[in-house]
Amino acid sequence: MVRILIDRDECLSSGKCQASAPEAFGFDDEELVIELDGVNGLDDDLAVKIVRNCPSGALQLADGDG
């Protein structure tokens, strides 16, 4: 199982992550990505796709142990 790590300093608010998995990602008052409860249930293949599609590189993969 992989996890998605967020570097909010790199976020460009493109919305690609939220569009791909609205149950897993949202935006805060500053329009920066935040993870929602659904992020823990993402399929590994979808998680890889979301990270690869992040234009700013704000998302990274980690294995289940960090």
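Please read all numbers here as calculations on a predicted model, not as lab measurements.

Quick notes on the overall build of the chain
- If you tally the helices and strands in the chain, you get 2 helices and 4 strands.
- Secondary structure elements in the chain, listed N-terminal to C-terminal, are β-α-β-β-α-β.
- The C-alpha radius of gyration computed for the chain amounts to 11 Å, which stays within 12% of the reference 11 Å derived for 66 residues, consistent with globular compactness.
- Reported as C-alpha extents along the three principal axes, the dimensions of the chain are approximately 30 × 20 × 20 Å.
- Going through the 66 residues of the chain one by one, you find that 30% of them count as buried.
- Within the chain, contacts between residues at least 6 apart in sequence are counted, and of these 53% link residues at least 24 apart.
- As displayed, the chain has an accessible area near 4,200 Å², and 43% of this comes from carbon and sulfur atoms.
- Across the chain, 5 positive and 15 negative side-chain charges occur, with their mean positions spaced 7 Å apart.

Description of the environment of Leu59
- Note on placement: Leu59 falls in strand S4 (residues 59–63).
- A sequence separation of 35 residues divides Leu59 from Ala24, and the C-alpha atoms of the two residues are 13 Å apart.
- If near-sequence neighbours (up to four positions away) are discounted, Leu59 is found in contact with Ile4, Leu5, Ile6, Cys17, Ile50, Val51 and Cys54.

Quick notes on the nonpolar core
- Within the largest apolar cluster, 16 residues are counted, with the highest numbers of intra-cluster contacts made by Ile4, Phe25, Leu42, Ile50 and Leu59.
- A per-element tally of this core places helix H2 (residues 44–53) first, with 3 residues.
- Those residues in contact with Leu42 that lie beyond four places of it in its chain are Ile4, Ala21, Glu23, Ala24, Phe25 and Ile50.

Side note on the side chain of Ser56
- Relative to the helices and strands, Ser56 is located in the loop between H2 and S4.
- Within polar-contact distance, the side chain of Ser56 engages the backbone oxygen of Glu10 at 2.9 Å.
- Excluding its chain neighbours within four sequence positions, the residues that come into contact with Ser56 are Glu10, Cys11 and Leu12.

Calculation notes
Residues numbered from 1 in each chain as written. Predicted model: local features only at pLDDT ≥ 70, side-chain atom pairs only at ≥ 80, totals over all residues. Heavy atoms only, no water. Helix = DSSP H or I, 4+ residues; strand = E, 2+ residues; numbered from the N terminus. Rg over C-alpha atoms; globule rule 2.2 N^0.38 Å. Buried < 20%, exposed > 50% of the residue type's maximum accessible area, 1.4 Å probe, protein only. Contact = heavy atoms within 4.5 Å. Areas by Shrake-Rupley, 256 points an atom, 1.4 Å probe, with all protein chains shown as cover. Lys, Arg positive; Asp, Glu negative; His and termini not counted. Charge placed at Lys NZ, Arg CZ, Asp CG, Glu CD. Core = buried A, V, L, I, M, F, W, Y, C linked by side-chain atoms within 4.5 Å. Polar contact = N/O pair within 3.5 Å; in protein donor to acceptor, adjacent residues only side chain to side chain.

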